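Structural features, examined
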Amino acid sequence: MHRDQQKQAAARAALDYIESGDIVGVGSGSTVHFFIDELAKLKGKIDGGVASSIATADRMRARGITVLDLNQVGKVPIYVDGADEATHHLHLIKGGGGALTREKIIAQASEKFVCIADHSKLVPTLGEFPLPIEVIPMAQSLVGRALAGLGALPQLRADFTTDNGNIILHARNLAISNPIQMEQRINQFPGVVTVGLFALRGADVLLLGGENGVEVIR
């Protein structure tokens, strides 16, 4: 099965977790693009969706899905998003597309977080994928030095601004043996908006598209 077919299979499997009348939180990225296309088939069943990025909102509207403001909804029963890396413990690295802060906000506001990905994203330990960190621009050097103190090689994502008007630093070669502890530590650096570790609030269900169908990890 081709990689895109694996992503599409995982995206389609996520529909089984959506109930009539749900407001669906929708993440960002290539796998989520497939999910939005699948979700459009249920647009008469759901009450709308909360988007994690401008690009996601645009794609949802283009497919006739009502986009709602998180501040105006009572609750988000389910959030569906992809990952750059995931473990069997349901800890994730996210933010390769730069939408990590809004993704983390919706994940925190959601009752259930369903992560969809192809099987290549499953890893024994997080950290091979450069860890994205959203940073207020004036704190770039300060945060970079703090990351270097953790043993990481910080690198600015060139020519990129988040939907919130900030920059992204990537922490390369960072050993993440304790994702919860690392998330807490980096989030405490002044100037950090948030880090792309989703461990304090990880996924509740991981759907992995593979050669033999979709694997479910809970």
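Heads up: the structure comes first, above all this text.
Residues numbered from 1 in each chain as written. Predicted model: local features only at pLDDT ≥ 70, side-chain atom pairs only at ≥ 80, totals over all residues. Heavy atoms only, no water.

A closer look at the packing of helix α2 (residues 30-39) against helix α3 (residues 54-62)
Rules: Angles shown run from 0 to 180 degrees and are taken between the N-to-C directions of axes, each axis being a line fitted to C-alpha atoms and, for helices, limited to the stretch in contact. Secondary structure elements follow DSSP: runs of H or I of four or more residues count as helices, runs of E of two or more count as strands, with numbering from the N terminus. By definition in this entry, angles of less than 35 degrees are roughly parallel, angles greater than 145 are roughly antiparallel, angles of 65 to 115 are roughly perpendicular, and the rest are oblique. Two helices crossing with the near one rotated counterclockwise from the far one by less than a right angle form a left-handed crossing, whereas a clockwise rotation gives a right-handed crossing. Only heavy atoms enter the contact rule, under which two residues are in contact if any of them lie within 4.5 Å. Under the scheme applied here, ten amino acids are nonpolar (Ala, Val, Leu, Ile, Met, Phe, Trp, Tyr, Cys and Pro), four are charged (Asp, Glu, Lys and Arg), and all others, including Gly, are polar.
Relative to each other, α2 and α3 sit at 25°, their axes nearing to 9 Å. By the criterion of interaxial angle, the relationship of α2 to α3 is roughly parallel. Like other packed secondary-structure pairs, α2 and α3 cross with a definite hand, here right-handed. Contacts between α2 and α3 pair H33, I36 and D37 from the former with T56, R59 and M60 from the latter. The residue makeup of the contact of α2 with α3, split by class, is 2 nonpolar, 2 polar and 2 charged.

Some words on the sheet that holds strand β14 (residues 213-217)
The pairing of strands in a sheet comes from backbone hydrogen bonds and takes either a parallel or an antiparallel form. Put simply, the test is: Only strands joined by at least two bridges in the DSSP assignment are considered to pair.
Strand order in the open sheet formed by 7 strands is β3-β2-β1-β4-β7-β13-β14, with mixed pairing between adjacent strands. Every interior strand has two partners, whereas the edge strands, β3 (67-68) and β14, have only one. The pairing of strand β2 (residues 48-51) with β3 spans 2 bridges and is parallel. Across the sheet, residue G49 finds its bridge partner in β3, namely V67. Sitting on the sheet, helix α1 (residues 3-14) is in contact with β4 (76-81), β7 (110-118), β13 (205-210) and β14, with an inclination near 160° to β7. Along the sheet, helix α4 (residues 100-109) makes contact with β1 (23-26), β2, β4 and β7, crossing β7 at roughly 130°.

Some words on the nonpolar core
As a rule of thumb, nonpolar side chains are buried together in soluble globular proteins. The line we're drawing: To qualify as a nonpolar core, a set must consist of buried Ala, Val, Leu, Ile, Met, Phe, Trp, Tyr and Cys residues joined through side-chain atoms within 4.5 Å. Classification of residues uses two cut-offs on accessible area relative to the type maximum, computed with a 1.4 Å probe and protein chains only: under 20% is buried, over 50% is exposed, and between them is partly exposed.
Counting residues in hydrophobic clusters, the biggest one holds 26 residues, and the most contacted among them are F35, V114 and I116. If you list the elements that add at least two residues to this core, you get α1, β1, α2, α3, β4, β7 and β13. Those residues in contact with I116, other than ones at most four positions away along the chain, are A10, A11, A14, T31, F35, V80, D81, G82, A83 and L207.

So, the packing of aromatic side chains
For clarity, the threshold we go by: Stacked, tilted and edge-to-face are the three classes assigned to paired rings of Phe, Tyr and Trp, where Trp is represented by its six-membered ring and a pair needs centres within 6.5 Å; plane angles under 30 degrees give stacked, over 60 edge-to-face, the rest tilted. Counting as a charge over the ring demands two things of the Lys NZ or Arg CZ atom: a distance within 6 Å of the ring centre and an angle within 35 degrees of the ring normal.
All told, the structure shown has 1 aromatic pair when counted by the stated rule. Residues Y79 and F113 carry aromatic rings whose centres are separated by 5.1 Å and whose planes lie at 45° to one another, so their mutual orientation is tilted. Of this pair, Y79 sits in strand β4 while F113 sits in strand β7, placing them 34 residues apart in sequence. Each of the two residues, Y79 as well as F113, counts as buried. Lying over the aromatic face of F198, K104 brings its terminal NZ or CZ to 5.0 Å of the ring centre.

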